[in-house]
Amino acid sequence: MAKLKGAIVVNTDRCKGCVLCVNACPQGVITLANRVNMRGYPYVEPTQMDKCTGCTSCAVVCPDGCITVYRKKVEE
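Residues numbered from 1 in each chain as written. Predicted model: local features only at pLDDT ≥ 70, side-chain atom pairs only at ≥ 80, totals over all residues. Heavy atoms only, no water.

(A) Focus on the side chain of Asn37. If you trace the backbone, Asn37 turns up in the loop between β2 (30-36) and β3 (42-46). Only 2.8 Å separates the side chain of Asn37 from the backbone oxygen of Cys15, close enough to count as a polar contact. Among residues more than four places away in sequence, those in contact with Asn37 are Thr12, Asp13, Cys15 and Tyr43. (Helix = DSSP H or I, 4+ residues; strand = E, 2+ residues; numbered from the N terminus. Polar contact = N/O pair within 3.5 Å; in protein donor to acceptor, adjacent residues only side chain to side chain. Contact = heavy atoms within 4.5 Å.)

What follows is the structure, given as structure tokens:
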């Protein structure tokens, strides 16, 4: 049976660091970075990509549409 493997890409230039995606991620994949973007906002970044299932919870709650989610079927 195939398992879903996910990956997310964050547009760090548009991210305002609201951390809604951090709270929405059931796998704990996303964290707030210790750096700021060109607008002076701290931004989020994926840190544990091996846990990502591609559930899209992070992208759904992002008010600025900064997160793109990719999913791929992986054979076990």
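(B) Spotlight on a nonpolar patch on the surface. Among the surface-exposed residues, Leu20, Val60 and Val61 lie close enough to one another that they form a single nonpolar patch of about 260 Å² accessible area. Position of Val61 relative to the elements: it lies in helix α2 (residues 57-61). (Patch = residues over 30% accessible without salt bridge, like charges linked within 9 Å, V, L, I, M, F, W, Y side chains within 5 Å. Areas by Shrake-Rupley, 256 points an atom, 1.4 Å probe, with all protein chains shown as cover. Salt bridge = Lys/Arg side-chain N within 4 Å of Asp/Glu carboxyl O.)

(C) A look at the pattern of salt bridges. For the structure shown, the criterion picks out 2 salt bridges. Note that Lys16 is salt-bridged to Asp64, the shortest N-O span being 3.3 Å. Of the two residues, Lys16 is situated in the loop between β1 (2-10) and α1 (20-24) and Asp64 in the loop between α2 and β4 (67-75); the sequence distance between them amounts to 48 residues. The exposure class assigned to Lys16 is partly exposed, which follows from its relative accessible area of 43%. In this structure, the salt-bridge partner of Arg35 is Glu45, at a minimum N-O distance of 2.7 Å. Placement of the pair is Arg35 in strand β2 and Glu45 in strand β3, with a sequence separation of 10 residues. (Buried < 20%, exposed > 50% of the residue type's maximum accessible area, 1.4 Å probe, protein only.)

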